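# Fold and contact review
Residue strings, one per chain:
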Amino acid sequence: MDLRIFTEPQQGATYDTLLAVAKATEDLGFDAFFRSDHYLRMGTVDGLPGPTDAWITLAGLARETKRIRLGTLMTAGTFRLPGVLAIQVAQVDQMSGGRVELGLGAGWFEEEHKAYGIPFPKEKFARLEEQLEIVTGLWATDPGKTFDFHGTYYDLTDSPALPKPAQRKIPVLVGGHGPSRTPRLAAKYADEFNMPFASVEDSERQFGRVRAAAEEAGRSGDDLTYSNALVVCVGRDEAEVARRAAAIRREADELKLNGLAGSPSEVVDKIGRYAEAGSSRIYLQVLDLDDLDHLELISAQVQSQLS
């Protein structure tokens, strides 16, 4: 079971804070550092000092880390044109020496689009499908050849399809709860399917749908990696769990029900249930980015048991 650290910087974080978390992620033996792609805080937090851009952040971290994978859960398709996104991600992959992964989603948070003047189209899912085809097609085009795409929403003619990423193929993540279109999209374009903030039972059902869609598309269901994203709140005792829950404005009992919370042994047991459902990778949503002791505890007493 891979454990990856997943952050939500729109809730309030500077680049320096994210750098400290990324370096701790690397030093403590976690597999990857991922971040959300949002420009507006959610809930009652103030979000200060303001948003940071996902791919600018990852470009900086690419030069200041050595081992960990770097990526997004999920880059919003509404934020970037697909040709530009392909260039950005390929460049960051080069900067990292081939450690980047792209999670790409349709975009959903209308308020942040209004706040920063970003168009919020109705046909987001159909646009996402074209974006996935363009981004992966640009990367896959042989050097010296050109890429063309003529769709409903995007039109590319004689693209040199440059630059190329450092990796032969950048892993692409698709995720979500949709019962039909989402599995079909994952089966066609994804290397990994991510089930965000879902129960063991719902995850198992959705993984089954994705496997079935992959088989229907002529792929083996085992071609994809299956993962979950879950909020994490671990403590050595109940008081420490409660303190960490309060710091992120949540209740310990609710976190135990809907996330990975409790003692290290409780969290290990619950991760085991997700593994039985087919998950081989967990993105630990860490909401208190100043609490690096939390990461140390997870590394020492959760990750050590899983490895």
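Coordinates for the structure precede this section.
What comes next is a walk through the structure. (Residues numbered from 1 in each chain as written. Predicted model: local features only at pLDDT ≥ 70, side-chain atom pairs only at ≥ 80, totals over all residues. Heavy atoms only, no water.)

### Some words on the side chain of serine 263
Examined against the element boundaries, serine 263 turns out to sit in the loop between strand 11 (260-262) and helix 10 (264-276). What serine 263 contacts, discounting residues up to four positions off in sequence, is Val234, Gly235 and Val241. (Helix = DSSP H or I, 4+ residues; strand = E, 2+ residues; numbered from the N terminus. Contact = heavy atoms within 4.5 Å.)

### Remarks on empty space enclosed by the protein
Within this structure, the stated rule accounts for one cavity of 30 Å³ or more. In this structure, the largest cavity occupies an estimated 60 Å³ of space. (1 Å grid on protein atoms, 1.4 Å probe; cavity = no way out; pocket = protein on both sides within 12 Å on 5 of 7 lines; lining within 4 Å. Points joined across faces, edges and corners; volume = space filled by probe spheres on them.)

### A closer look at the pairing of strand 3 (residues 69-72)
Residues Arg69 and Gly71 point to one face of strand 3 and Leu70 and Thr72 to the other, with burial holding for every one of them. Where strand 2 (residues 32-35) meets strand 3, four bridges bridge the pair, whose relative direction is parallel. Of the residues in strand 3, the one forming a bridge with phenylalanine 33 is leucine 70. Crossover connection from strand 2 via helix 2 (residues 54-64) to parallel strand 3: handedness right-handed. (Buried < 20%, exposed > 50% of the residue type's maximum accessible area, 1.4 Å probe, protein only. Pairing = 2+ DSSP bridges. Right-handed = clockwise from strand over helix to strand, strands pointing away.)

### A closer look at the packing of helix 2 against helix 3 (residues 82-96)
In contact at an axis separation of 8 Å, helix 2 and helix 3 are set at 15° when each is read in the N-to-C sense. Between helix 2 and helix 3, the angle is such that the two are roughly parallel. Helix 2 and helix 3 meet at a crossing whose hand is left-handed. Along its contact with helix 2, which presents Trp55, Leu58, Ala59, Ala62 and Arg63, the element helix 3 presents Leu85, Val89, Val92, Met95 and Ser96. Looking at the contact of helix 2 with helix 3, its residues break down into eight nonpolar, one polar and one charged. (Axes fitted to C-alpha atoms, helices over the stretch in contact; angles between N-to-C directions. Parallel < 35°, antiparallel > 145°, perpendicular 65-115°, else oblique. Left-handed = near helix turned anticlockwise from the far one by under 90°. Nonpolar A, V, L, I, M, F, W, Y, C, P; charged D, E, K, R; others polar.)

### What about the layout of surface pockets?
When its volume is computed, the largest pocket comes out at roughly 1300 Å³. The wall of the largest pocket is formed by 46 residues, among which Glu8, Gln10, Met42, Phe197 and Gln285 lie closest to the centre. Of all the secondary structure elements, the ones that give two or more residues to the lining of the largest pocket are strand 4 (75-76), strand 5 (100-105), helix 5 (124-140), strand 8 (172-175), helix 6 (181-189), strand 9 (192-196) and strand 10 (225-234). Ranked by the residues each element gives to the lining of the largest pocket, the list is headed by helix 6, at three residues. When grouped by side-chain class, the residues that make up the lining of the largest pocket number 22 nonpolar, 17 polar and seven charged. Taken as a whole, the second largest pocket encloses approximately 150 Å³ of empty space. What lines the second largest pocket is a set of 14 residues, among which Gly77, Thr78, Arg127, Gln131 and Tyr154 lie closest to the centre.

### Points about the side chain of arginine 69
Along the chain, arginine 69 falls in strand 3. Take arginine 69: its relative accessible area is 18%, and that puts it in the buried class. In terms of polar contacts, arginine 69 uses its side chain to reach the backbone carbonyl oxygen of valine 100, at 3.5 Å. Within the local environment of arginine 69, its side chain forms a polar contact with the side chain of glutamate 101, the two groups lying 2.8 Å apart. (Polar contact = N/O pair within 3.5 Å; in protein donor to acceptor, adjacent residues only side chain to side chain.)

### A closer look at the packing of aromatic side chains
Within this structure, the stated rule accounts for six aromatic pairs. Considering the side-chain rings of phenylalanine 34 and tyrosine 283, the 5.0 Å spacing of their centres and the 70° angle between planes classify their relative orientation as edge-to-face. Of this pair, phenylalanine 34 sits in strand 2 while tyrosine 283 is found in strand 12 (residues 281-286), placing the two residues 249 residues apart along the sequence. For the pair phenylalanine 34 and tyrosine 283, a shared accessibility class is recorded, and that class is buried. Put simply, the rings of Tyr39, Phe79 and Tyr116 pair up and form one aromatic cluster. Its guanidinium or amino end placed over the ring of phenylalanine 120, lysine 124 lies 4.2 Å from that ring's centre, counting from NZ or CZ. The residue whose ring lies beneath arginine 181 is phenylalanine 125, and the NZ or CZ to ring-centre distance is 4.2 Å. (Phe/Tyr/Trp six-rings, centres within 6.5 Å; stacked < 30°, edge-to-face > 60°. Lys NZ or Arg CZ within 6 Å of the ring centre and 35° of its normal.)

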